[in-house]
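Single-letter residue listing:
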Amino acid sequence: MNNATGRTSHQDRVWSVAEHLDDVLSTIAPLEPIELQLLDAQGCVLVDDLTVPVALPPFDNSSMDGYAVRVADVADASGTAPVTLTVIGDVAAGSGELPELGPGQAARIMTGAPVPPGAEAVVPVEWTDGGSGEGPADTMRAHSAAPQDAAGEVRVHRPVTAGAHIRARGSDVTEGEPALTAGTVLGPSQIGLLAALGYGTVRVRPRPRVVVMSTGSELVQPGEPLGPGQIHDSNSFQLTAAARAAGALAYRVGAVADDADTLRATLEDQLIRADILVTSGGVSVGAYDVVKETLTALSEETAPDGSPVSGRVEFRKLAMQPGKPQGFGLIGPDRIPLLALPGNPVSSYVSFELFVRPAIRALMGLPDAQRPTVPARCTDAIASSPQGKRQFLRGSYDAAAGTVTPVGGPGSHLIKAMAHANALIVVPEDTTEVPADADVDVLPLG
């Protein structure tokens, strides 16, 4: 973090969005890799390139319930002139000892079972009489109810070609080929692949632990009645959900009252389980902005050598709307990143998307920490945007049409509009109005 030598001149500086983000990311290093069981690794980022240790499938197996046959034996089969074969046994999934087919023989086989020696194809049970001696079968009878069907005869009504209904060894992946590359976020399909390949554990970067707290004596837990001058705490819920959506393990702390001692004690208690701390509210210029008061005081505590005892947090003005006041620093003995966001719901959420989410992704070791912007045609005019500030307006983005429509007004308290938006419309610092149908940059939030 860049520290200014003159506090007054530093506080007067206006930072750009890019400068603030660069400063945040310059302090973030990816979390150290750990070895985890597969299910514990869901949502984590793979550290190493992994190769296929064994082909998938590892043996030729049936893709249907039916009969393993030799192609020549059923070449002349038809509905009017079925071919009768001798059934020499069952082959179930997991079978170890397999019967070997000779001329005129078939083995009843189940889906996933290994193809026995001598067999060249599988005839689906629906193309046979299922050993009943009657017309085409719909299904096989359970072995426990009709064990005699594993022997006797079967009538085949249709021919098959070589390899029909057989999943060949290595038809999915072959031994030695790449399985997953480093940097992959492990989702359900990736976990399934690793399990199929026999990986019991995997080396990953753990999901970052994010602790979220709101500040304000006016905040009341949702579900509780409101008193005079009170509002329900929405920020901590919104930001915790956003952290989880970004891939983090997020912990919500109940709203902290506007009391410096209480806030400091709460922060110190949470350091042990945090890779990032996120606060909302109390960062502007009011007399009760307790976050700014507390963290500024903490930053001024120094050891005899002049180094900060508990870390240093700086409060800044950014050339953006909403979200002008921001705080950032490293606190505690382990210098945990703390991002102090403004308290208005839209301001805090926009700030999260621009600064906290990239920090989470950087901790995960992902190369592209920031959401990419895309061009779109703005269907409605934007009447005014403040000169010298980058404005982020809520929008409804239609990727198929390549259009975006503003949702709600610019007010940073309009949380309903945020709930109906799926993107942010980015209006540059030197643009004060946008005519209808003009091209704009859009930050999709999905």
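Residues numbered from 1 in each chain as written. Predicted model: local features only at pLDDT ≥ 70, side-chain atom pairs only at ≥ 80, totals over all residues. Heavy atoms only, no water.

S.K.: Help me understand the sheet that holds strand 14 (residues 209-215), please; the structure alone is not making it clear to me.
M.R.: Sheets are built from strands paired through backbone hydrogen bonds, the pairs being either parallel or antiparallel. The seven strands are arranged 1-19-21-22-18-14-17 in an open sheet whose pairing can be described as mixed. Every other strand in the sheet has two partners, leaving strand 1 (14-15) and strand 17 (249-256) as the edge strands with one partner each. Direction of pairing for strand 19 (residues 311-318) relative to strand 21 (residues 325-331): antiparallel, over a ladder of seven bridges. Directly across from glycine 311, in strand 21, lies its bridge partner isoleucine 331. Here helix 5 (residues 260-270) sits on the sheet in contact with strand 14, strand 17, strand 18 (276-280) and strand 22 (336-341), set at roughly 170 degrees to strand 14. Against the sheet, helix 7 (residues 345-363) contacts strand 14, strand 18, strand 19, strand 21 and strand 22, and its axis sits at roughly 165 degrees relative to strand 22. (Pairing = 2+ DSSP bridges. Helix = DSSP H or I, 4+ residues; strand = E, 2+ residues; numbered from the N terminus. Contact = heavy atoms within 4.5 Å. Axes fitted to C-alpha atoms, helices over the stretch in contact; angles between N-to-C directions.)

S.K.: What's the story with the packing of helix 5 against helix 6 (residues 290-299) in this structure? I'm lost.
M.R.: In helix packing, the relevant descriptors are the interaxial angle and the interaxial distance, both defined with respect to the helix axes. Here helix 5 crosses helix 6 at 65 degrees, and the two axes come no closer than 9 Å. Between helix 5 and helix 6, the interaxial angle falls into the category roughly perpendicular. Remark: the crossing between helix 5 and helix 6 carries right-handed chirality. Here helix 5 contributes Ala260, Leu263, Arg264 and Leu267 to the contact with helix 6, which in turn contributes Val290, Val291, Glu293, Thr294, Leu295 and Leu298. When its residues are assigned to classes, the contact of helix 5 with helix 6 shows seven nonpolar, one polar and two charged. (Parallel < 35°, antiparallel > 145°, perpendicular 65-115°, else oblique. Left-handed = near helix turned anticlockwise from the far one by under 90°. Nonpolar A, V, L, I, M, F, W, Y, C, P; charged D, E, K, R; others polar.)

S.K.: For this particular structure, what's the right way to read the confidence of the model for the chain?
M.R.: Close reading of the predicted structure is inappropriate where its pLDDT is low. Mean pLDDT over the chain stands at 91; residues scoring 70 or higher make up 95%. The secondary structure element of the chain with the lowest average pLDDT is helix 1 (residues 7-12), at 52, and the one with the highest is strand 2 (residues 34-37), at 98. Contacts of residues 3-9 to residues separated by more than four positions or lying in other chains number six contacts, the stretch itself having pLDDT below 50. (pLDDT = per-residue confidence, 0-100.)

S.K.: So what exactly am I meant to see when it comes to the pattern of salt bridges here?
M.R.: Close approach of charged atoms allows side chains of opposite charge to pair. What the rule picks out here adds up to 13 salt bridges. A salt bridge links arginine 316 to aspartate 23, with the nearest nitrogen and oxygen atoms 2.4 Å apart. Of this pair, arginine 316 sits in strand 19 while aspartate 23 is found in helix 2 (residues 17-25), placing the two residues 293 residues apart along the sequence. In terms of burial, arginine 316 and aspartate 23 fall into one category: buried. Taking the shortest distance from any N to any O, the salt bridge between arginine 252 and aspartate 233 comes out at 3.5 Å. Remark: aspartate 233 occurs in the loop between strand 16 (231-232) and helix 4 (235-245) and arginine 252 occurs in strand 17; sequence separation between them is 19 residues. Taken together, the shared-partner salt bridges connect Asp23, Glu314 and Arg316 into one network. (Salt bridge = Lys/Arg side-chain N within 4 Å of Asp/Glu carboxyl O. Buried < 20%, exposed > 50% of the residue type's maximum accessible area, 1.4 Å probe, protein only.)

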